[in-house]
Amino acid sequence: MAREREVRIPLEIPAEADFAECIERLRALLQAEPGIRALEYDMPEGMLRLRYDPKRIAPERVQALAHQVGEEVVARWEVCPLRKGGMRCAECARRLEEKQSIPPDGVHLTVNPATATLSLSYGKEPPDLMLIQERIARAGVLAPQPPSRTRAALHAAQAREDAMRRRMAHLTVLCLLTLSLAWLGENLRWLPHSVVLGLYVVSYLSGGVYSAGRALRELRAGSFNVDLLMVMAALGAAAVDEWPEGAVLLFLFSASNTLEQYVLGRTRRAIEAAMDLSPEEAVVRREGEERRIPVEELRLGDTVIVRPGERISADGILRVGSTSIDQSALTGESIPVEKGVGDSVYAGTLNQQ
């Protein structure tokens, strides 16, 4: 019996998708092929492994099948960035995912607040995206927009988010300062009552503006969230003349939201920094000719040529040759990794040989 060989292809099957259904669909695609011995999926690595008998099926045919399998899954998975301000917190993402009225039957929806993206997985027929956008808008979240992969667009979005985070931080500091002045003025009796009351009102406004905005959007969508509860609790404290308690509550909630946004911002910047390592152009071989094209125009199945000293422009499989790859920027490995035919290579890593 000939020794089995293995081919690997990077393939992301999202955890939110119907994993068993995806695997069964892939098995059905491959079961009629002679020589395919096994199909395995390594979820932590995001790697599909095909084991085959080289005497019954040619390696070129296995590679073609692997790419066909990738297309089969990719064709049922769509990612759209959310418009500015559309999703700013993990709790908002969870609530949107839990709304059963948004995705049609057979469609799974997931939101990633770290990358501000909305993902859809579906069956054979793509869903009506306009209908989903309308339902998302009615839920109080701005609808997805056409994807923009350019670095300029990413940096512009990052600049807008940084400005929003600075505003949140400034309002949180203002809330704390006015709360402290009002409390000291009230307890030490060195400020008139009208001034103390005015300071508490400023503290309420600065600490509750973002929470009130989110609460109103949820109410218009026919639901309520923790923001509404916090605002109502603060207003209730003011109604019974317990202004300090309400102001403290709003300050703590505002501070937690601000810190959450800074954490999400650092995550997004780390993702974008990794994207900045990738070249803006790639050399591909199409129709027997070498062409230099923007990376946004790469297609599944393209053959990309990477010369010594160049960075790899896209994730893929090494088809011809062998080399050592410096992956330290992505994985932190201190020494280059040897790569041969069938091994995975990643965008932004450096081809050394």
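Structure first, text after, so check above.
Source: prediction; values computed, not measured. (Residues numbered from 1 in each chain as written. Predicted model: local features only at pLDDT ≥ 70, side-chain atom pairs only at ≥ 80, totals over all residues. Heavy atoms only, no water.)

Trainee: Hey, could you run me through the overall build of the chain in this one?
Mentor: Counting its regular elements, the chain contains 9 helices and 14 strands. A total of 353 residues make up the chain; the buried ones form 41% of that total. The long-range fraction of contacts in the chain, counting pairs at least 24 apart against all pairs at least 6 apart in sequence, stands at 61%. Of the roughly 19700 Å² of accessible surface on the chain, 57% is carried by carbon and sulfur atoms. (Helix = DSSP H or I, 4+ residues; strand = E, 2+ residues; numbered from the N terminus. Buried < 20%, exposed > 50% of the residue type's maximum accessible area, 1.4 Å probe, protein only. Contact = heavy atoms within 4.5 Å. Areas by Shrake-Rupley, 256 points an atom, 1.4 Å probe, with all protein chains shown as cover.)

Trainee: Help me understand a nonpolar patch on the surface, please; the structure alone is not making it clear to me.
Mentor: Where nonpolar side chains cluster on the molecular surface, the patch consists of Leu181, Trp183, Leu184, Leu188 and Trp190 and spans about 510 Å² of accessible area. Relative accessible area serves as the criterion here: at 56%, Leu188 is assigned to the exposed category. (Patch = residues over 30% accessible without salt bridge, like charges linked within 9 Å, V, L, I, M, F, W, Y side chains within 5 Å. Salt bridge = Lys/Arg side-chain N within 4 Å of Asp/Glu carboxyl O.)

Trainee: How do you make sense of the nonpolar core when you look at a structure like this?
Mentor: Nonpolar side chains tend toward joint burial in soluble globular proteins. Ranked by size, the top nonpolar core spans 12 residues in total: Leu179, Ala182, Val196, Leu199, Tyr200, Tyr204, Ala234, Ala237, Ala238, Trp243, Ala247 and Leu250. Breaking this core down by element, the ones donating at least two residues are helix H5 (151-188), helix H6 (193-220), helix H7 (226-239) and helix H8 (243-276). Among the nonpolar cores identified, the runner-up in size contains 11 residues, and Leu39, Ile57, Val62 and Leu65 belong to it. (Core = buried A, V, L, I, M, F, W, Y, C linked by side-chain atoms within 4.5 Å.)

Trainee: Even after reading the chapter, I still don't get H6, so can you show me in this structure?
Mentor: Helical periodicity: at 3.6 residues per turn, an α-helix aligns residues three or four positions apart in one direction. The largest bend in H6 amounts to roughly 55 degrees and is located at Gly208. Those residues of H6 lying buried are Val196, Leu199, Tyr200, Ser203, Tyr204, Ser206, Gly207, Gly208, Ser211, Arg214, Ala215 and Glu218. Positive backbone phi, at 85 degrees, marks Gly222, one or two positions downstream of H6. (Bend = angle between axes of the 7 residues up to and from the residue.)

Trainee: What is the right way to read the pattern of salt bridges from this model?
Mentor: Opposite charge on two side chains allows them to pair when their charged atoms are near. For the structure on display, the rule yields 6 salt bridges. Where Arg285 meets Glu290, a salt bridge forms, and the shortest distance between an N and an O atom there is 3.7 Å. We note a salt bridge from Arg291 to Glu287, for which the minimum N-O separation is 3.1 Å. By relative accessible area, which is 31% here, Arg291 ends up partly exposed. Relative accessible area serves as the criterion here: at 75%, Glu287 is assigned to the exposed category. Sharing partners across several salt bridges, the network here consists of Arg285, Glu290 and Arg307.

Trainee: What am I meant to see in the sheet that holds strand E12 (residues 337-339) here?
Mentor: What holds strands together in a sheet is hydrogen bonding between their backbones, with the strands either parallel or antiparallel. Strand order across the open sheet formed by 3 strands is E12-E11-E14, with antiparallel pairing between neighbours. Among the strands making up the open sheet, the edge pair consists of E12 and strand E14 (350-351). (Pairing = 2+ DSSP bridges.)

Trainee: When you look at a negative patch on the surface in this model, what are you seeing that I'm missing?
Mentor: A contiguous patch of negative charge, built from Glu186, Asp241, Glu242 and Glu245, is present on the exposed surface. The residue Glu186 is located in helix H5 in this model. Judged by its relative accessible area of 37%, Glu186 falls in the partly exposed class. (Lys, Arg positive; Asp, Glu negative; His and termini not counted. Charge placed at Lys NZ, Arg CZ, Asp CG, Glu CD.)

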